[in-house]
Amino acid sequence: MVKSEENSVDRRNFLKIAAGSAAALVASAPRVGAQESSARPSREQTSEEAKRVDAPATERTTETSADNPYTQGMAAFVSGLHYEQIPKEVIDRIKLLMLDSFGCAIYSVDLEWSRILMRTLQQLDSSTSCGVWGTSLRLSAPHAALVNGTLVHGFELDDIHRLGVMHVGAVTLPSLLAVTEIRPGMSGRDFLTAAVAGYEIGPRVGRCMGEEHIGQGWHSAATVGVFSSAAAAAAALRLSKEQTVHALGIAGTQSAGLMAAQYGSMVLRMHTGRSAQSGLYGGLLAANGFTGIVNVFESDYGGFCTTFSRSHDRFNLAELTSGLGARFETMQVSLKFYSCVSSNHTTLDAIRAIRARRSFSVDEVDHIVVHGSQVTVDHVGWKYRPAGISAAQLNLPFCVATLLLDGNVFVDQFTAQKIVDPVRIALADKVKVVADPDIMARGSEFRQMVRAEVFLKDGTELTETVETPRGSERSFASKADVVEKFENLAGHVIPAGQVAAIREAVLNLETLPDSSRLAHLLTKQ
């Protein structure tokens, strides 16, 4: 039903009023352990430096709680967060998430699209401020963030926040590591705090926009990801609340990323890198007095939410600050154990479970039907046509065929030969993906839920339902599994001794006096 403009305005006003109290709670929350590190400039010093920037008075914007309570609430959380406020389970989890992202990035350095990107930027950029992970290449901070963010997402191995529909590490860590290199002296505890700030903000924007965001054709990891990147950079730079508002506003206007890239293009890999770069720009510019859209989420005209949803009501602003500082979205980030888009994982788990109960050969298969959400159908259920590795990794029928033929869907399964294999393509043609009203009625939390049905030629019907995939927030991987995946991926590129040094630095990050040590370890010496 289409709502009247009057009702939409009433709803927005109600949400703004409701969020005002949430923002106030975040802003007024007691700060435990508020002593600043002597190696870092204080927020007051940074703010004074910003005031000295000679910007025209007409470009100096101020924010009021009536206009941007959600943006202010998020900025207050980012600027006011301290290590001692973060639960131990969140610290333990984010270290594993970061280790996973670093492994994904290092593995990707030898991929064709990675080499093209690095070679192109090397031709343009003679700076040496920041390192490219897994290589000896050094570039300017923005270009390093672009490459490192691209590397993390380079082979569909990186994490996913299912409800926020975004890859978090790929957009958060590159801007954060760039800050550690251009502003040395950040302790490991401060690094972890800034990382948590980034991992908390982006997913909340994704939840605000809902699964419809990707359904409309936006690559949420890219569009939403700028806010994770900006939040991490702002926290690392010790920006004030006001500066963080501007950092978010600068990042938000750079949001971009089209899902048509999934049909066989290299540029899909670069979306997260551009998002990481945009967030870094947001933090660095805001630190020097540059202003952004102060009501980037709330604006009725040209705001992030209204523009990307093409509406005034198909988003939920309350999600931006709901539970902020009490409920940690970091704990909702999932890891991948298949080298393909996360929407495929529940089906692959279902097929594995069916085969474990009743073994069957590929020749016995008549057809397979996968029942899922409409988003699953639109995103990954299209008829497979060879169009590059990314198209294969984002196509559910091809990944099902690959699992049946190879017994796994990991890095060795996506080669130039296999993605055009006629046997594999013929088997993929036997897989149909259909929308299931019962699954969709369960809401966005069950967006990736599937019921897989395998029909054999002898009339046997085998069925399995899976709500969330292996490695998800509901069944998170063990520390041993995460370490094994990291060592496997990183070991393709760098020596075992360096792999071990990175592992120990990340798992003991809170003990590092200067987190630029980690940035050093991530590059080839």
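Residue indices follow the written sequence of each chain, beginning from 1 at its first position. In keeping with the predicted nature of the model, local features appear solely for residues at pLDDT of at least 70, side-chain atom pairs appear and are counted solely at 80 or more, and the whole-chain, interface and lining totals rest on all residues. Side-chain metrics in this entry use all non-hydrogen atoms of the structure; hydrogen atoms and water are not considered.

Caption draft 1: Fine view of the sheet that holds strand β5 (residues 365-372). For two strands to pair, DSSP has to find at least two bridges joining them. Secondary structure elements follow DSSP: runs of H or I no shorter than four residues count as helices, runs of E no shorter than two count as strands, and numbering proceeds from the N terminus. Spatial strand order, β6-β5-β7-β8: 4 strands in an open sheet with mixed pairing. Only two strands of the sheet have a single partner each, and these edge strands are β6 (431-435) and β8 (461-466). Strand-to-strand twist across the sheet, computed as the mean angle between neighbouring axes with direction ignored, equals 15°. As paired elements, β5 and strand β7 (residues 450-456) share 6 bridges and run antiparallel to each other. Directly across from Ile-368, in β7, lies its bridge partner Val-454. Sitting on the sheet, helix α15 (residues 345-357) is in contact with β5, β7 and β8, with an inclination near 135° to β8. The convention used is that axes are lines fitted to C-alpha atoms, helices contributing only their stretch in contact, and that angles between N-to-C directions extend from 0 to 180 degrees. Contacts were defined at the residue level, with two residues in contact if any of their heavy atoms lie within 4.5 Å.

Caption draft 2: Representation of the packing of helix α3 (residues 69-80) against helix α12 (residues 241-252). Viewed as axis vectors pointing N to C, α3 and α12 meet at an angle of 120°, and their least axial separation amounts to 8 Å. The orientation of α3 with respect to α12, classified from their angle, is oblique. The two elements α3 and α12 meet at a crossing, and its hand is right-handed. Two secondary-structure elements touch here, α3 through Thr-71, Gln-72, Met-74, Ala-75, Ala-76, Val-78 and Ser-79 and α12 through Lys-241, Thr-244, Val-245 and Leu-248. Roughly parallel here means an angle under 35 degrees, roughly antiparallel means over 145, roughly perpendicular means 65 to 115, and every remaining angle is called oblique. Whether a crossing is left-handed or right-handed is set by the direction in which the near helix is turned from the far one by less than a right angle, anticlockwise for left-handed and clockwise for right-handed.

Caption draft 3: How the structure looks around a nonpolar patch on the surface. On the surface, a nonpolar cluster with roughly 260 Å² of combined accessible area is contributed by Tyr-281, Leu-285 and Phe-290. Tracing the sequence through the fold places Leu-285 in helix α13 (residues 267-287). For Leu-285, a relative accessible area of 32% corresponds to the partly exposed category. To count toward a patch, a residue needs a relative accessible area above 30% and no salt bridge. Like charges then connect within 9 Å, nonpolar side chains (Val, Leu, Ile, Met, Phe, Trp, Tyr) within 5 Å. For the area figures, the Shrake-Rupley method with a 1.4 Å probe applies, and any residue is considered shielded solely by the protein chains shown. Salt bridge criterion: a side-chain nitrogen from Lys or Arg within 4 Å of a carboxyl oxygen from Asp or Glu. Classification of residues uses two cut-offs on accessible area relative to the type maximum, computed with a 1.4 Å probe and protein chains only: under 20% is buried, over 50% is exposed, and between them is partly exposed.

Caption draft 4: Here's a closer look at the confidence of the model for the protein. Considering every residue of the protein, the mean pLDDT works out to 89; 87% of them sit at 70 or more. The low-confidence segment residues 1-58 (pLDDT under 50) makes 81 contacts with residues lying over four places distant or belonging to another chain. Confidence scores per residue from the predictor, reported as pLDDT, run from 0 to 100.

Caption draft 5: Region of the structure containing the nonpolar core. In terms of nonpolar packing, the biggest core is built from 107 residues, with Met-98, Phe-102, Phe-227, Phe-297 and Phe-304 touching the most fellow members. For this core, the leading source of residues is helix α8 (residues 188-209), giving 11 residues. The residues contacting Met-98, other than those within four sequence positions of it, are Leu-173, Phe-191, Leu-192, Ala-195, Tyr-199, Val-506 and Leu-509. For our purposes a nonpolar core is just a set of buried Ala, Val, Leu, Ile, Met, Phe, Trp, Tyr and Cys residues, chained together by side-chain atoms within 4.5 Å. In terms of nonpolar packing, the next biggest core, distinct from the first, is built from 55 residues, Ala-350, Phe-410, Val-450 and Leu-462 among them.

Caption draft 6: Quick look at empty space enclosed by the protein. Cavities and pockets are found on a 1 Å grid laid over the protein atoms alone: a cavity is a set of points where a 1.4 Å probe fits but cannot escape, a pocket is an open set with protein on both sides within 12 Å along at least five of seven lines, and a lining residue has an atom within 4 Å of such a point. Grid points are joined across faces, edges and corners, and a volume is the space filled by probe spheres set on the points. Evaluated as defined, the whole model comprises 4 cavities of 30 Å³ or more. Estimates place the volume of the largest cavity at around 140 Å³. Along its surface, the largest cavity is lined by 18 residues, and His-167, Ile-214, His-219, Val-341 and His-379 are the ones closest to its centre. Taken together, the residues of the lining of the largest cavity break down into 9 nonpolar, 7 polar and 2 charged. Gly is put with the polar residues, along with every residue not named as nonpolar or charged; the nonpolar set is Ala, Val, Leu, Ile, Met, Phe, Trp, Tyr, Cys and Pro, and the charged set is Asp, Glu, Lys and Arg.

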